[in-house]
Amino acid sequence: MPLPILQTTLSAKARVVSRAPFPDADRALISQRRKHHKLFNPIRGVEREFSKMLRGMALLVIMVPIANYVINDFARYLRYTHGLPLEATALIAEALMLSLFTFTVYLIYITTARYKIATSEKVGEIDGVPVYRRGREYKKPPYFHAGCDPPFRAIFIYGNPPEEALRHELAHLDEGNKTALLFSLALAFPLTLFSLVPPWYGLLPFWWLIVLPMAIYFIFYMLRSWKVERRADIYGFGSAEKFRKVFGNVEVPKSRLQRLKDSVLGLLSLHPPLWLRAREEYYDKSMSLFRVWLKYVFYKPGK
């Protein structure tokens, strides 16, 4: 059955055309199902992000022994033939491995995105960006899912997401190659750490050369992801009222410990907790995200 055309009051510049994949009838169904399900377990978001990383790392398992053989052999050559200091040799090996793995993960990311476009059904457009359906049903609450793979200007959906969710993804598309490169580097760090195990340069004293930058990068990566998600929420939803209309009236947990736990899981899943995204202050650009988070985690009881 063909999908209905979206009725919208958007300006002519903001164009949504042909068979929009978010009929209003499904909103009522989602609201009805919410009464019977515990929504939005934050652990699911963590599982989704880690599963993506694990799938990428599984594809790269073969790269670890190759990197060990080629790059470590080259570093050994520099060490014993040219008398390069141990510290300099370790840094060169780490830099080469980090570059190799970043480039390889980036190629896999781009190839996977192209494959998703080639194997998906185009069901419409929003602001000139094609929308592709990956699945007609999404069994976990909120019974839809939308995503994108910048720099490709395409949105992938499961189920029937509302327009606001698609506009959220549009904001992510503006990130361009940044998303792909930062994700590739996030995978490259642990792969580099796993590869640096040759006995010839007594690795243990030099672990900090890769572990410390990796820890700093992951903290930066997670905090930046929250900032990017907030910008996308402001663009896609615009207000807490519209966010709650889509995701329901998500309450702030009464337990401070639970709020802290949700925040940690939110960092790992690269998304702020839903109860934070459903607060009006979150959409106030004059307030920093850190200030809004502090207000609800430490100063304001859950209501």
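Our structure is the block above this text.
Just so it is clear, the structure is predicted and the values come from calculations on it, not from any experiment.

**Side note on the overall build of the protein**
Next up, step 1: From N to C terminus, the protein includes 11 helices and 5 strands.
Next up, step 2: A buried classification covers 50% of the 303 residues belonging to the protein.
Next up, step 3: Within the protein, contacts between residues separated by at least 24 positions form 71% of all contacts whose residues are at least 6 apart in sequence.
Next up, step 4: Per element, the accessible surface of the protein, about 16400 Å² overall, is 64% carbon and sulfur.

**Quick notes on the pairing of strand 2 (residues 121–126)**
Next up, step 1: Bridging between strand 2 and strand 3 (residues 129–135) involves 5 bridges; their strand directions are antiparallel. Pairing of Ile126 across the sheet is with Val129, part of strand 3.
Next up, step 2: From the end of strand 2 to the start of strand 3, which pair antiparallel, there are 2 residues, and Asp127 there has a positive phi angle of about 55°.

**Quick word on the packing of aromatic side chains**
How two aromatic rings sit relative to each other is given by the distance of their centres and the angle of their planes.
Next up, step 1: Throughout the structure, instances matching the rule amount to 13 aromatic pairs.
Next up, step 2: Here Tyr217 and Phe220 contribute two aromatic rings whose centre-to-centre distance is 6.0 Å and whose plane-to-plane angle is 50°, an arrangement assigned as tilted. On the criterion of helical spacing, the pair formed by Tyr217 and Phe220 is a turn pair, its members being 3 residues apart in helix 7 (residues 208–236).
Next up, step 3: The structure contains a cluster of three or more aromatic residues connected by ring pairs, namely Phe189, Tyr217, Phe218, Phe220 and Tyr221.
Next up, step 4: The side chain of Lys116 reaches across the aromatic face of Phe156, ending 4.5 Å from its centre.

**Looking at unusual backbone geometry**
Next up, step 1: Here the bond from Pro150 into Pro151 is cis, since omega is 15°, no more than 30 degrees from zero.
Next up, step 2: With respect to the element layout, Pro151 can be found in the loop between strand 4 (144–148) and strand 5 (155–159).
Next up, step 3: Of note in the backbone geometry, Asp127 takes a positive phi value of approximately 55° without being a glycine.
Next up, step 4: Structurally, Asp127 can be placed in the loop between strand 2 and strand 3.

**Here we look at the pattern of salt bridges**
Two side chains with opposite charge may pair up if their charged atoms get near one another.
Next up, step 1: Taken as a whole, this structure holds 8 salt bridges when the rule is applied.
Next up, step 2: With its nearest N and O atoms 2.9 Å apart, the salt bridge here joins Arg167 to Glu163. With Arg167 and Glu163 both in helix 5 (residues 163–173) and 4 residues apart, the pair spans about one turn of that helix.
Next up, step 3: According to the relative accessible area criterion, Arg167 is buried, its value standing at 9%.
Next up, step 4: Glu163 sits in the buried class, given a relative accessible area of 14%.

**Focus: the nonpolar core**
Next up, step 1: Membership of the largest hydrophobic core comes to 27 residues, with the highest contact counts inside it found for Phe183, Phe189, Tyr217 and Tyr221.
Next up, step 2: Only helix 3 (63–81), helix 4 (86–118), helix 6 (177–195) and helix 7 provide two or more residues apiece to this core.

**Concerning a nonpolar patch on the surface**
Next up, step 1: On the surface, a nonpolar cluster with roughly 280 Å² of combined accessible area is contributed by Phe74, Tyr77 and Leu96.
Next up, step 2: Structurally, Leu96 can be placed in helix 4.

**Observations regarding the side chain of Asp149**
Next up, step 1: Within the element layout of this structure, Asp149 appears in the loop between strand 4 and strand 5.
Next up, step 2: In this structure Asp149 comes out as buried when scored by relative accessible area, which is 13%.
Next up, step 3: A polar contact of 2.8 Å, which involves the side chain of Asp149, links it to the side chain of Lys116.
Next up, step 4: Setting aside its immediate chain neighbours within four residues, Asp149 contacts Tyr109, Ala113, Lys116, Ala154 and Phe156.

**Topic: the environment of Ala278**
Next up, step 1: On the secondary structure map, Ala278 appears in the loop between helix 10 (274–277) and helix 11 (289–299).
Next up, step 2: When its relative accessible area of 0% is taken as the criterion, Ala278 is described as buried.
Next up, step 3: Distance from Ala278 to Val252, taken between C-alpha atoms, is 8.9 Å for residues 26 residues apart in sequence.
Next up, step 4: Dropping the residues within four chain positions of it, Ala278 is found in contact with Ala240, Phe243, Arg244 and Val250.

Thresholds, definitions, all that
Residues numbered from 1 in each chain as written. Predicted model: local features only at pLDDT ≥ 70, side-chain atom pairs only at ≥ 80, totals over all residues. Heavy atoms only, no water. Helix = DSSP H or I, 4+ residues; strand = E, 2+ residues; numbered from the N terminus. Buried < 20%, exposed > 50% of the residue type's maximum accessible area, 1.4 Å probe, protein only. Contact = heavy atoms within 4.5 Å. Areas by Shrake-Rupley, 256 points an atom, 1.4 Å probe, with all protein chains shown as cover. Pairing = 2+ DSSP bridges. Phe/Tyr/Trp six-rings, centres within 6.5 Å; stacked < 30°, edge-to-face > 60°. Lys NZ or Arg CZ within 6 Å of the ring centre and 35° of its normal. Salt bridge = Lys/Arg side-chain N within 4 Å of Asp/Glu carboxyl O. Core = buried A, V, L, I, M, F, W, Y, C linked by side-chain atoms within 4.5 Å. Patch = residues over 30% accessible without salt bridge, like charges linked within 9 Å, V, L, I, M, F, W, Y side chains within 5 Å. Polar contact = N/O pair within 3.5 Å; in protein donor to acceptor, adjacent residues only side chain to side chain.

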